[in-house]
Every structure is written in structure tokens, then in C-alpha cells.
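Spelled out from the first residue to the last, the chains are:
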Amino acid sequence: MSPPRVLMVAEKPSIAYSIASVLSRGQMSTRKGSTDVHEFDGWFLSGIPVRYKVTSVIGHVFSLDFPPAYQDWAATDPLALFDAPVVQSEANPKAHIRRHLSNEAAGCNYLVLWLDCDREGENICFEVIECTGFAQKRNRTQVYRAKFSSVSEKDILSSMDNLVTPNRNEALAVDARQEIDLKVGVAFTRFQTAYFQGKYGNLDARVISYGPCQTPTLGFCVQRYFQLTTFKPEKFWSVRPYVMQLGYEVQLEWERQRLFDMDVAMMFQKLVQGDSSLKVTEISERKESKARPVGLNTVNLLKVASSALGFGPQMAMQLAERLYIQGFISYPRTESTAYPSTFDFRSILVALSRSPTWGKFAENLLVDGFNMPRPGKDLGDHPPITPVKSASEELIGKDAWRLYQYVCEHFLGSISSDCQYVRTKVTFSVGGEQFHCTGLQLTAKGFTSVMPWLAVAEKALPTFEPGNQLKISKVELHEGTTSAPDYLTESELITLMEKNGIGTDASIPVHINNICERNYVKVQPGRKLVPTDLGISLVRGYQCIDVDLCLPDIRSFIEQQITLVAKGQVDHSRVTRHVLQQFKQKFSYFTKHINNMDELFEARFSQLGNSGRPLSKCGKCIRYMKYISTRPPRLYCNTCEEVYHLPQNGTIKLYKELSCPLDGFELVVFSMPGPEGKSFPLCPYCYNSPPFEGVSVLPSKGGAAGMPCSSCPHPTCRHSLISQGVCACPECDGTLMLDPLSSPNWKLFCNSCSCLVMLPQGAHRILTTDDRCPDCDSMIMEVDFNKKTTPLEDGATLHRGCILCDQLLHSLVVVKHSRKTFMRRGGSGRGRGRGRRSFGGAGGKMVDPKMSFRGF
DNA sequence: GCAAGGTC
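Notes on the structure follow. Residue positions are given per chain, counted from 1 along the sequence in the order it is written. To read the labels, note that chains go from A and ligands from 1, taken in the order they are written. This being a predicted model, a pLDDT of at least 70 is required before a residue's local features are given, and a value of 80 or more before pairs of side-chain atoms are given or counted; all residues contribute to the totals for chains, interfaces and linings. Note that the side-chain values use all heavy atoms of the structure and ignore hydrogens as well as water.

## Observations regarding the overall build of chain A
The line we're drawing: Working definition: helices are DSSP H or I runs of at least four residues, strands are E runs of at least two. Numbering for both runs from the N terminus. This radius of gyration counts C-alpha atoms alone. The globule rule is 2.2 Å times how many residues there are, raised to the power 0.38. In this scheme, a residue with accessible area under 20% of its type's maximum is buried, one over 50% is exposed, and one in between is partly exposed, where area comes from a 1.4 Å probe on protein chains only.
The secondary structure content of chain A amounts to 23 helices and 34 strands. For chain A, the C-alpha radius of gyration of 38 Å lies well beyond 29 Å, the compact-globule estimate for 856 residues. Counting only C-alpha atoms, chain A reaches 130 × 85 × 50 Å along its principal axes. Taking all 856 residues of chain A together, the buried fraction comes to 50%.

If you want it as C-alpha cells, here you go:
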């Protein structure tokens, strides 16, 4: 009778091989299949003699998708995808892994799962259980899970002695993630693509994708782009004294470093210049060191490959993969930076000692002894990436050689000694100010001799003694300018993604590749990521509609929700439903407000951004915005990617290059046509985003709130309701404002309705003043009549008075567009509404009937 | 044509 059979399944062929090698002590027979199958005899559990078969999958067996009925883009409403069924299909049909597992499981009595010990691995466990049929036919005691923290003999053997059961909750968390990612990503992607496709001639995108990882990744690039385009350089000054010591001229650093006020900096310069004695107050010497690197993991390899070697992550991984298959480096996909305790450094050093490049260095480490590496983190996956055997450029090619070279240097560096140096700091006092200079002297190069780009620069310093009185040779006032940050480098992006939990070591290169291939960013020399028009418009669009969509938090939210499933705290389908419900709402909101994103596309892609006329300066970036006069009229800031709506049915001009005291935007003036058309100034920013709450706004199309300066309660700005408001409107709750541009047809207009009041015609000048009428609290007006037509006696021209109470002015004003004859609506409480609450502020006075135009 | 996660 043949012995019972045990099927063991690993996540990838190389692990299956390692496990079989350890358990069979190298005595196994291997046959080909979809993946190799290693067979040998051994003992299982409490000493059952068995026949072992060890094979593997190749990552996930299945992947999730929508059923065929939902595959037609045109016929499927993307919103319906949130509630659509999902189906599993074989991830790699050509590999026939499912058939392979089913065949190999036939006749097996036990299943041992050797998948990677993370959530994804746990999920693959259940894929394997399904394929092998162990779920249905056999009872649970026949399925075991091996938990191992590294693929070492010790760990493999000990996990065989401590077999557990697979964790269904962790697997279900992955199921939840898959369904959420699929539905959210596909729904948004199909909707966006359909909406923008063919809409703009020069928008050439096959697909405009959205994803909870790729979109925040793009978000990082665009965020940096905004930082640098809206950067405002600032000048700064620092005092830099120079002293002569033992024939050296030394420049001293200021303890205050720099000041942003030139006058103050100059004052300090004079103080220092005026004090003839500079004194050494302190000399400190400190031994410092720069630590050798921890073991190399994938993400750090990718960063160096990008920043120092100029290889993109995709390319770097391809090279690393090849070096691994050829046996030159160890497995290149690992998160761990800690070496296992049993790690064999010596044999690698022996291998490298044959190298013409590092032979000498490796040999020295062998002879003089090497340092154990710094601790690092152990994620239980694979050891850090190290060389395995010696290579040469001729053997592996130029690019692979450069990557291999780095792996070797990093490995040698990680077991070298730290770099050590002495830092000397000399502190000086002069004119009440503190200055210093520092010197650096290397005592041991350590690892920097094999990683010279990390070397510490030496800096010589002449000897000083405490209490030395020195002469200042000159005192410079250095002027500098703060500089904008540069575009995000790929290496910085990887750091950000890792920090924010966007993607994994294996998927980070994929996401970066996606945003490049989809034409959202371009890689420029120095591997800088420069967002394209499409990338910028997309991110700006998300920011305008629902900023969450492009922030990394969207990923952490999903992760945090599925972690509840993994911990068994919440049911998997409830979490999936709940999260999808939330995304469905976000999706609905997004589709309803897609016009906000479209405005940006319109500006970018139909070249409105080029055809518009430069008009007012943006207060954020101090660059001219473009005035787009076609409906709806708006200003567009090319730099900030912002659209500012303007009132319709009139003309827009710059208002004397005056700017808003609140936000620095240049004011524009809006004029309605005709001699009786009113005109009023407005700040493009405030008009769209009123800075004060509860301000009455004009009705406006295109979503702008519509607050012109005539509704603004700013207490001191000379264009505000407070400065230009004259008295209550006879027609409505509004306030009559002086139209500052109405000369010579001077008029007051209501900031709320169409009421107009014509002031003395032909006056040379009419101004509002700071004074108020003691009787009715209206603003006292100052009228400078024309010399020829002045109604004043003796040809005087200047007259001050209240237009309601002053006999002369009263007789010269005419109310137009007044549907009601001077009757105030409502009772005594009226007129204290939002817009006028700040007006006058003189309490009960405003209920005086004279406040209206009654009696005209 | 679409997501993100495995591995090759």
C-alpha cells in the first residue's frame, strides 16, 4: 500500500524549491508541470510516513472582474457597477494553474499551504484550497498553514513543527479590497473617459483612468507642481563678518541665520561693524559619526536606481529580476532591511574578493573582520538584497552592471564601520550678536570609502583660543532670495508613496508607470516628474469637486476598513457594502459636479488659456489671469488652474490697478451698458468666495457666489460697502452706493436691486466722506461742482451735505427705476439685514423715516 | 479600453 500523500503549495516556484530542498535535504526528484513539482518521502505530523509533493502557484490564481453583461462601456451605467455582481476568473489562463493544482491534489490526503505570510498570501491560501478541492471533499483537519518568517532551513523546519490553520478573515479582507478597488476604479474611469472623450480636439487620451492608488500618486506630482508655480520668492539678508586668523580668512555664520527685513538686517550689520572687538566665546569639539546603511530592500533600491543611476522603477526591477535569475543577486523583492541572524556574510565576501573592483575591500573585511549590520526591520519576507556571486560588466551588460555595482557597494557598506569625524564649532560674540564657524575633520572614512557619494566633506579651520580678541576684516550684508522647490523627483515620489501606504514594493513601479503611460506626467532629465496639462486638469478638477479623491487618505481609509475584516471585528460583506455605499455617493456627487472639472479642461484644451486677454493679476501667484469674455465670462489663472466667474451682461475692465486688501487680487470694474447702466468694482477672488459670512450676494450663473465690493463689509477698504454706502435703498433691503466711475453722470446705485439715483449732473467730482448726517445717519457727500454750472452763490464749487437732509443736494437728485414711490417696505425692523448690518452701525438711528426717500 | 495585488 502506498503511503499517504501531502501536497504543499508555495507562492512562487523558487520558494517551492527551497522548501523541498530543506525538507528532503536535497534528496528530491523534480518533474515539470505548469510549475515544477518536487517529490520526496518523509515524515508528517506525529511521525506518519508520507510522500511529499511540493509545487507552487505564480502569485494570485484568480482575479476579479465584472460579468460579461457589464463589460460593454456604452451599455452600462457606471453607477450600476457599484451594485453589480463580480466574478472570479483565472489570473493567468495560459499557465493553467487551476488545472495543475487540481491534478496534483488528486489522491493527496493532506494540504500544506506555504504561501507568503501576509494578507495577500492568506488570500491565495483559499484560492489554492478551492482549486485543490480540499474545501469540499475533505475535512478541515487535512488543511494546514505553514507560518515562516524567512525561507531559511531553521524557519522552514520549525514551521513544519508548528502548523496552523489558514486565517479566513485575513483572506476575506483581501476579497473586500479587490471588490472595492475594482468597482471604484472602473466606475470612475469609465465615467471620466466617456465624459471627456472626443470633447476636445487636442485632448488625446485613450482612457482617463482613476484609481485609489494611481490618482493620489499623480496628486503628489501635481501638488509639487502647484507649490513651485505659485511660489513667491522672498528676499532675505544675513550679516556675514569675516575674520583673519593665522593667515586664513574665515567667514562666520550668523546665529539668526537670516532676516526678511533689510532695515533690521542693516541695523545688525551696523552694530557688528561698530563693535571693534570680536571675541571667541566658546569652542566645542564633538565626535560624530555617520551610520552605515541598513540592508537594502526593494523600495530603497528603486530610489537609488532612479536618483543615482537614472533607471525608472520598472526598468530597475527588470534588471534586478534578470540579475536574480542569473544568480548574481538575491531575490530582489523584499521589504526587509534586517539580515537574518544566520545570514552568511562570509561566503558573499569570499565571492566578492575575486572581483577586480571590490576584491581588495572585501578581502580586508574578511581579514580585519566586518561589522554586523545595523538592526533594520524584518518583515518576514526575504533577506535584504545582496550580491550572490561575482560579476563583470562584460558578463552582464552596462545597465545591469551599474545596478549590480550598487548592490555590491551597498552590501559592503552595510557591514563596514561607520564614518567618523570630529566637528569643531567656534562661537563668537560681537556687537551683542552671536556668530560661529564649523570645521569637520575625518577620523575614519568607514563605509564611505566604498560608497564615496555619501562621503563627509572635510572642512579645515584655523586654530582659535577661547577669549581670543579678533579683528573683523569686513562685514558683508548678504542678500539672498528664497527659491521655489523643484519638480518632484521619482525618488521623492517613491518615498511619499511608501510613507502614505500607497501601493506595495511590487506595485509602486506599476502605479508610477501608469501615470506616465497615460500621459498624466512626463519624466524629464534627472527623473523629475512634470505633470502634463491633462494631469494638472484632472487633479485640479478633483480638488474642485471632491478633494478626497486625489488624496492619499482615500487609500488609508480603504486599508483601515478592511483591517477590521482582517481582525474579525466586522463582517466582510458588511464592510464591502458600507465602503462601496460611501464611494457610490462620492461618485454621484462627482458626476453631478463634473462641469467644475470640465471648466478646467475647457480652459486647457480648447486653448482658451491662450486666446483670453491678460487682465487682472492673481493674488496667489502675482501673474496675469486671462479674461475670457465668451459666456460665461470668467477670469482664468493659468498658473493656479483656477476659474473665477464674473457678472454677465456688461463689460469688465481693470480698476486702476487697485488690489483687494484681503487677498491681493487686482480689482476689476463691471459696467452695464448705457448711460444709466451702473458700474461697480469687484475682487475676482472675493466675488467667487466671499470672505465674510452672511454677506448678501448677487445671483450669478456658473456657481459663483457673486460678492462685489459694494456688498463687502470690509471696515477700511475704500471700495467697500462701509466706505461707499451712502444710505438705504428706497426699493429694497440694499444700500445705495456711490458709483465711482459714473462721472460726469454721477449716480448712486443699489447694491441689491436695479434702483438708481442720479446725482448732480456735470459735477467735477463727487466723493463719499467719513462723516455721517447727524439727523439721518446717511453719509455726508462732498460735491465739487463745475465752475460754469455751479448752483452755489459767488461761483463757489465745493459743497458738503447729506443728500436726504441738505436742501440743495436734495433738490438736485433724481430717483430712477423706482417701482414704488419712496415707500419703505416693512416696519421699523427692516433694513437691518445682512448687507447693511455694518453700515453706519449707529443703532436705532436707521429707523428714522428720513432714512428713506420719502418726501422726494 | 477600466483597479490593485500577486509573480514572471
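Alright, that's what it looks like, and here's the rest.
## A closer look at the packing of helix 8 (residues 298-309) against helix 14 (residues 490-499)
Put simply, the test is: Convention adopted: a line fitted to C-alpha atoms gives each axis, helices being fitted over their contacting stretch, and angles between N-to-C directions are expressed from 0 to 180 degrees. Small angles under 35 degrees read as roughly parallel and large ones over 145 as roughly antiparallel, with 65 to 115 read as roughly perpendicular and the rest as oblique. By the convention used here, residues are in contact when the closest approach between their heavy atoms is within 4.5 Å. Amino acids are sorted into nonpolar (Ala, Val, Leu, Ile, Met, Phe, Trp, Tyr, Cys and Pro), charged (Asp, Glu, Lys and Arg) and polar (every other residue, Gly among them).
Remark: helix 8 packs on helix 14, axes separated minimally by 8 Å, with the N-to-C direction vectors making an angle of 160°. With respect to their mutual orientation, helix 8 and helix 14 come out roughly antiparallel. Residue-level contacts link Val 299, Leu 302, Lys 303, Ser 306 and Ser 307 of helix 8 to Glu 490, Ser 491, Ile 494, Thr 495 and Glu 498 of helix 14. Among the residues making up the contact of helix 8 with helix 14, the classes are represented as three nonpolar, four polar and three charged.

## Here's the deal with the packing of aromatic side chains
The criterion, for reference: The criterion for an aromatic pair is that two Phe, Tyr or Trp rings (for Trp, the six-membered ring) have centres within 6.5 Å, with stacked assigned to planes under 30 degrees apart, edge-to-face to planes over 60 apart and tilted to the rest. Lysine NZ or arginine CZ positioned within 6 Å of the ring centre and within 35 degrees of the ring normal marks a charge as sitting over the ring.
Scanning the entire structure with this criterion turns up 44 aromatic pairs. Both rings, one in Phe 188 and one in Phe 590, keep their centres 5.3 Å apart while their planes meet at 55°; by these two values the pair is tilted. Of this pair, Phe 188 sits in helix 5 (residues 168-196) while Phe 590 sits in helix 18 (residues 572-592), placing them 402 residues apart in sequence. A relative accessible area of 0% places Phe 590 in the buried class. Among the aromatic residues, those joined into a ring-pair cluster are Phe 82, Phe 188, Phe 191, Tyr 195, Phe 196, Tyr 200, Tyr 210, Tyr 542, Phe 587, Phe 590, Phe 601 and Phe 605. Over the ring of Phe 226 we find Arg 540; its NZ or CZ atom is 5.8 Å from the centre of that ring.

## A few points about the protein's contact with DNA strand B
We count it as follows: The rule for a residue being near a molecule or strand is that one of its heavy atoms must lie within 4 Å of it. Residues adjacent in sequence count toward polar contacts only when both atoms are side-chain atoms; beyond that, a polar contact is any pair of N or O atoms within 3.5 Å, and within protein one must be able to donate a hydrogen and the other to accept it.
Neighbouring DNA strand B are 40 residues, the closest being Gln 71, Arg 190, Cys 213, Gln 214 and Thr 504. Near the protein, within 4 Å, the atoms of DNA strand B are sugar or phosphate in 67% of cases. Trp 73 is positioned such that a nitrogen or oxygen atom in its side chain is 3.4 Å from a base nitrogen of DNA strand B. Within the side chain of Thr 504, one N or O atom sits 2.7 Å away from a phosphate oxygen of DNA strand B. Those elements giving two or more residues to the surface near DNA strand B turn out to be strand 5 (62-65) and helix 5. The greatest single-element share of the surface near DNA strand B, amounting to nine residues, is contributed by helix 5. When grouped by side-chain class, the residues that make up the surface near DNA strand B number 13 nonpolar, 15 polar and twelve charged.

## Quick word on unusual backbone geometry
Residues apart from glycine generally show negative phi values, whereas peptide bonds are mostly found in trans. We note that Asp 777 has phi near 70°; this positive angle belongs to a residue other than glycine. The residue Asp 777 is located in the loop between strand 31 (765-772) and strand 32 (779-784) in this model. Relative accessible area serves as the criterion here: at 5%, Asp 777 is assigned to the buried category. A positive phi angle, close to 60°, is found at Asp 794, a residue other than glycine. Within the secondary structure, Asp 794 is located in the loop between strand 32 and strand 33 (798-801).

## Considering the nonpolar core
Stated precisely, the cut-off is as follows: We define the nonpolar core as a collection of buried residues of types Ala, Val, Leu, Ile, Met, Phe, Trp, Tyr and Cys that are connected through side-chain atoms lying within 4.5 Å of one another.
One finds Tyr 404 and Phe 411 to be the most contacted residues of the largest nonpolar core, which totals 104 residues. Contact partners of Phe 411, with chain neighbours within four places excluded, come to Tyr 339, Phe 343, Phe 345, Ile 348, Leu 349, Leu 352, Thr 386 and Pro 387. Among the nonpolar cores identified, the runner-up in size contains 31 residues, and Cys 621, Cys 660, Cys 709 and Leu 721 belong to it.

## A look at the packing of helix 8 against helix 13 (residues 398-414)
Convention followed: We call a crossing left-handed when the near helix sits turned anticlockwise from the far one by less than a right angle, and right-handed when that turn is clockwise.
Here helix 8 crosses helix 13 at 120°, and the two axes come no closer than 11 Å. Our classification of the angle between helix 8 and helix 13 gives oblique. Every pair of crossing elements has a handedness; the one defined by helix 8 and helix 13 is right-handed. Judged by residue contacts, Leu 301, Val 304, Ala 305, Ala 308 and Leu 309 of helix 8 engage Arg 402, Leu 403, Tyr 406 and Val 407 from helix 13. Taken together, the residues that form the contact of helix 8 with helix 13 break down as eight nonpolar, no polar and one charged.

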